[in-house]
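Close look at the chain arrangement
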Amino acid sequence: MHSALRSIQNVARRAASTTAAAAAGKPLTIGLIPADGIGREVIPAARQVLEALPSDVMPAKLSFVDLDAGFEYFQKHGVALPTETLAALKSDCDGALFGAVSSPSHKVAGYSSPIVGLRKQMDLYANVRPVISGAAATASGEKRAIDMLIIRENTECLYIKEEELIDGTDGKYAIAKRRISEFASRRAGEMAFSMALQRDAMRKQLPESERTWAGRPKVTIVHKSNVLSVTDGLWRETVRSVYEGNSEYKARVDIEEQLVDSMVYRMFREPEAFDVVVAPNMYGDIISDGAAALVGSLGLVPSANVGDSFVVGEPVHGSAPDIAGKNIANPIAAIRSAAMLLERTGYGSAALAIYRAVDKVLASGQIKTPDLGGKSTTSEVTEAVCKQL
């Protein structure tokens, strides 16, 4: 069987099996990897919210496994991602939450990022980042409601890190290889279209007055094939072929293309124009970090590293050592990441309950951590979300 077709079938089987497990109320085991800095504060906050879910929206019994990883762990034990952690994730857990990592900016012998290692070891080939706000700040100064999902291919592009420094006759020059494969592009495209339909189903559970996106699901393919005609050309053609080859996608999802530079421009001018955005690794990295500026703080932006059989929820923010231990870190990104984990494992109603609870807390404007201009603590924000549940 062709490997790309097998990947698509894996996505379908995963969706069916997680939905069936949710319907049966089977236990859900979540690995908790706080790692460094404020990760040790926001991951317990996310667990507290998960435990506060009422049984009518979360029928499964939740259990948690505490696991180690991170730069601080590396400094003590010489390894950033212990084999015991990987073994527990593979054998005992249905998904995981990862806090933050304090990766050094300089080379440290023997060290490699644990979250990058997790992505490789668990084949988490897509990084999924929702950007949601009832009042996003656009370049024109207008406040607009947005509900955008950015899907970043997670395994290749320039981030394969195959670089070479060469001594030339006119001095040194550097070459970096960029890999774009049909296999990886097809997986990312399938993820984008399937999640567009999944988001549409979740929106229909909301009253129309609460729906930010009112139209049909839409997927925007980001590329620069007018210049990079071979690599980005393959990306564009492969993602489009996923759409063209699926009658359900063609019937229910709209499709458009956007050059990466104009994508950035439009995202800041009219972010409400986008629903699901799918991009190669580097473009997706830049777009998703830039999109965080629309909502005011990285402390609000969640993400999930997703594969066919596993998902790791991960707040976008870093370890923030300057505020670690002060109980002022914003837990919203971690809480939303926990909701993404539930959504991906088949518990859409529970995920929606968390999303709505967070939105109500933010809309009130009364309880805000310092990054949003408030004086509330991590604990107070977490308790407010639990109260809304």
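Remember, it's a predicted structure, so these values are computed and weren't measured experimentally.

**Describing the overall build of the chain**
- Looking only at helices and strands, one finds 13 helices and 12 strands in the chain.
- Here the C-alpha radius of gyration of the chain, 20 Å, is about what a compact globule of 389 residues would show, namely 21 Å.
- Taken across its 389 residues, the chain has 52% of its residues classed as buried.
- For the chain, restricting intrachain contacts to residue pairs at least 6 apart in sequence, the fraction spanning at least 24 positions comes to 74%.
- Accessible surface, the chain: about 17100 Å² in total, of which carbon and sulfur atoms supply 51%.
- Once the 44 positive and 46 negative side-chain charges of the chain are each reduced to a mean point, those two points are 2 Å apart.

**Quick word on the packing of aromatic side chains**
- Taken as a whole and assessed by the stated rule, the structure comprises 5 aromatic pairs.
- An angle of 20° between the planes, with centres 6.0 Å apart, marks the rings of Phe 71 and Phe 74 as stacked. One end of the pair is Phe 71 and the other is Phe 74, both in helix α3 (residues 71-77) and 3 residues apart, which spans about a single turn. Neither residue differs from the other here; Phe 71 and Phe 74 are each classed as buried.
- Ring geometry for Phe 193 against Tyr 243: centres 5.5 Å apart, planes inclined by 35°, an arrangement best described as tilted. Taken together, the residues Phe 193 in helix α6 (residues 182-203) and Tyr 243 in helix α7 (residues 231-244) connect sequence positions 50 residues apart. Tyr 243 carries the same exposure label as Phe 193, and that label is buried.
- Here the aromatic cluster, defined as three or more aromatic residues joined through ring pairs, consists of Phe 71, Phe 74 and Tyr 111.

**What to know about the pairing of strand β10 (residues 276-279)**
- Neither face of β10 is exposed, since Val 276 and Val 278 on one face and Val 277 and Ala 279 on the opposite face are all buried.
- Sheet analysis places strand β5 (residues 143-153) next to β10, joined by 4 bridges and oriented parallel. Bridge assignment links Ile 150 to a residue of β10, and that residue is Val 277.
- Bridge analysis of strand β8 (residues 218-223) against β10 gives 3 bridges, and the strand direction is parallel. Each bridged residue has a counterpart across the sheet, and for Ile 221 the counterpart in β10 is Val 278.

What counts and what doesn't
Residues numbered from 1 in each chain as written. Predicted model: local features only at pLDDT ≥ 70, side-chain atom pairs only at ≥ 80, totals over all residues. Heavy atoms only, no water. Helix = DSSP H or I, 4+ residues; strand = E, 2+ residues; numbered from the N terminus. Rg over C-alpha atoms; globule rule 2.2 N^0.38 Å. Buried < 20%, exposed > 50% of the residue type's maximum accessible area, 1.4 Å probe, protein only. Contact = heavy atoms within 4.5 Å. Areas by Shrake-Rupley, 256 points an atom, 1.4 Å probe, with all protein chains shown as cover. Lys, Arg positive; Asp, Glu negative; His and termini not counted. Charge placed at Lys NZ, Arg CZ, Asp CG, Glu CD. Phe/Tyr/Trp six-rings, centres within 6.5 Å; stacked < 30°, edge-to-face > 60°. Pairing = 2+ DSSP bridges.

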